[in-house]
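Here's the letter readout for the chains.
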Amino acid sequence: MELLSGNEAIAQGAWEAGATIGVAYPGTPSTETLECFGRKEGVYAEWCTNEKVAVEVGLGASAAGARVISTMKHVGVNVAADPLFTAAYTGVGGGMVILAADDPGMYSSQNEQDSHYYAQAAHVPMMDPADSAEALAFTRDAFELSERFDVPFMIRSSVRVSHTKTPVEVGERAAFEPKPYEKAPQKWVMMPAFAKPRRKVQLERIEDLRAWVEECPYNVVTKGAGRVGVICAGAAYQHVAEALPEASVLKLGVTWPLPAGKIRAFAESVEELYVVEEASEYLASGVAACGVGVRAFPHELPRDGELSPGLVRAAFGFEAPEHLPARDDLPGRPPALCPGCPHRLVFKELTRLRAVVTGDIGCYTLGALPPLAAMDTCVDMGASVSMAHGFELAWAGEEHRPVVAVIGDSTFGHSGLSSLISTVYNCGSGTVCILDNRTTAMTGRQGNPFNGVTLQQRPSRELDLEGVVRALGVEDVRVVDPHDMTAVRTALKEATSAADELSVLIFRAPCVLLERKRRPPYAVSAACTGCGVCTTLGCPAIARDAETGTASIDAGLCIGCGQCAQYCRFDAIVAE
């Protein structure tokens, strides 16, 4: 028996099933799954440029006969939707499992979308583990089921299942003999003449799945002593079990297709039926579509965010468990760029320029927060470059503030490259800043094509970022030291002054967590006038006395980067 997180358990389940290939793009809360899988014996694992590519690589390996796992967070399913929907027509060779890790509460995401709807729309079976033991078992079984029904199987996790450790009984690795590849264009070439018959195959498969889901062992009824019945799935089951110990519960382990017969039978066994789910109405709508009436809660269940046993009890009108109130004298700790972050001066100078900054997904998104407050938009991976082009189109021919796109090196490889190609092709103008900190920092410092580091530390190629940009036709390409305030200011001023040209500035310096270099810390001398300019950098190591206004530097946090000293006109910040 071991304590494993849901992510670790999914990796273990894939390994036990004989999966040999893992493909992904890192995204919280899914990232650790492939990292864990990649450390196991006899497997190959890689970070792909994006989730679409990952599913396509996985589908190719499956067609060749291997068992494959592809992992991503919920918004990654948006990117992977193109191959996913067609894979539901082609089917598989070797079993293929796709993890979609949802994020109710948006702890590290830009939305709360529910991946159940993708399974429903694509007609791909989805399994919904409620703890690590189920995460392992469901994943392990999903490979055989994928081959049995000739379709990829999806595993839906959530942040609570992905990151909570629960007891798991691990097993041995199963022997799996890859299926020999046989040329079959009617199955794999989805031109209309072949896709139409495959659509009929899909419809027959759906009927087979609907019959199977009524008898499969993954949908479990727990009879309670009360008259109340609850239908739930995934992490919500844990909250229901704790909050309503007397209730009867139908825990759905397969959430598409829904077991209509089992749902109806469960509804007949209770007097009052409720559906409990997080930030979605997927299950409630599905149960209603089965012809089953669902009660409204006595008190409204939150429609957004993560659930808790207390919230579930409150929805049923019961008293929530007692807990100590949060102290009101604790200072706020909003997220901030690390001390010495190479992104900080770029955002400081963009604020000085009064630029309209279209941002992207990564730790540099924190540049939107005070005191830097430099970012105007952030929508999805790669959107910064595309939206900057849109701003320029809307304001063409009139005087306007500089428009600057900001994107990280990993995100640029993910989807910013295609956006830049489109801008160049359409003779766009403006400034694109690629913040090249040599890693995929936000998700835990994974590799990417522009630092050449692979998941399993295999020999690789580091792509020439400036060479790639120049090859697209961008003439003004510069590499700038982001720790040099004068260089940053000059580069941004010159680039944004060329109103009719497209400039790409590559601000290159390693993430401070990558190198972990620590120089002698800086300190504030008696020459400090209390002007407060240094505090506008938003460095966690710098504080300001509320009474005198003078600054101070926490030597325990300062890494000696010297960024703040460059902004002090009175030379009051000195190296100790």
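First, a word on what this report is: a plain description of the structure on this page. (Residues numbered from 1 in each chain as written. Predicted model: local features only at pLDDT ≥ 70, side-chain atom pairs only at ≥ 80, totals over all residues. Heavy atoms only, no water.)

## Details of the pattern of salt bridges
As a reminder of what qualifies: When a carboxyl oxygen of Asp or Glu lies within 4 Å of a side-chain nitrogen of Lys or Arg, that pair is called a salt bridge. A helix here means a DSSP run of H or I that spans at least four residues, while a strand means a run of E at least two residues long, and both kinds are numbered starting from the N terminus. Think of it in three bands: residues with accessible area under 20% of the maximum for their type are buried, residues over 50% are exposed, and the middle band is partly exposed, with areas taken using a 1.4 Å probe on protein chains only.
Applying the stated rule across the entire model yields 23 salt bridges. One salt bridge in this structure joins Glu147 and Arg67, with 2.7 Å as the shortest N-O distance. Here Glu147 is found in helix H6 (residues 132-149), whereas its partner Arg67 is found in the loop between helix H3 (51-63) and strand S4 (68-73), with 80 residues between them in sequence. Judged by its relative accessible area of 17%, Glu147 is buried. Residue Glu272 is joined to Arg227 by a salt bridge in which the shortest nitrogen-to-oxygen separation is 2.2 Å.

## As for the sheet that holds strand S11 (residues 248-252)
So the rule is basically this: Pairing between strands requires that DSSP locate at least two bridges from one strand to the other. Fitting a line to C-alpha atoms yields each axis, with helices limited to the stretch in contact; the angle taken between N-to-C directions then spans 0 to 180 degrees. Contact criterion: two residues are considered in contact whenever any of their non-hydrogen atoms come within 4.5 Å of each other.
Strand order in this open sheet of four strands is S9-S11-S10-S13, and the pairing throughout is mixed. Pairing within the sheet leaves two strands with one partner each, and these edge strands are strand S9 (220-222) and strand S13 (272-275). Direction aside, neighbouring strands of the sheet carry axes that sit 20° apart on average. Relative to S13, strand S10 (residues 228-233) runs parallel, the two sharing four bridges. Across the sheet, residue Val230 finds its bridge partner in S13, namely Tyr274. Against the sheet, helix H11 (residues 260-268) engages S9, S10, S11 and S13, with an angle of about 170° to S11. Taken strand by strand, helix H12 (residues 282-289) contacts S10, S11 and S13, and its axis lies near 140° from that of S13.

## Some thoughts on the packing of helix H4 (residues 74-90) against helix H9 (residues 192-215)
Quick note on the threshold: Comment on the angle field: the value is read as roughly parallel under 35 degrees, roughly antiparallel over 145, roughly perpendicular from 65 to 115, and oblique elsewhere. Under the convention adopted here, Pro, Cys and the residues Ala, Val, Leu, Ile, Met, Phe, Trp and Tyr are nonpolar, Asp, Glu, Lys and Arg are charged, and Gly plus all remaining residues are polar.
The geometry of H4 relative to H9 is characterised by a closest axis approach of 7 Å and an angle of 80° between their N-to-C directions. Classed by the angle they form, the pair H4 and H9 counts as roughly perpendicular. Along the contact surface, H4 presents Ala88, Tyr89 and Thr90, while H9 presents Ala195, Arg198, Arg199, Gln202 and Arg205. A class-by-class count of the residues in the contact of H4 with H9 yields three nonpolar, two polar and three charged.

## Remarks on the pairing of strand S5 (residues 96-102)
The condition that has to hold: Consider the strands pointing away from the viewer: the crossover is right-handed when the path from the first strand over the helix to the second runs clockwise.
Burial runs high along S5: seven of the seven residues are buried. Of the two faces of S5, the one carrying Met96, Ile98, Ala100 and Asp102 and the one carrying Val97, Leu99 and Ala101 are both buried. As judged from the six bridges shared by S4 and S5, these two strands associate in the parallel manner. Counterpart to Thr71 in the pairing with S5 is Leu99. The parallel pair S4 and S5, bridged by H4, forms a crossover whose chirality is right-handed. With six bridges joining them, S5 and strand S7 (residues 153-158) adopt parallel strand pairing. By the bridge assignment, Asp102 is partnered in S7 with Ser158.

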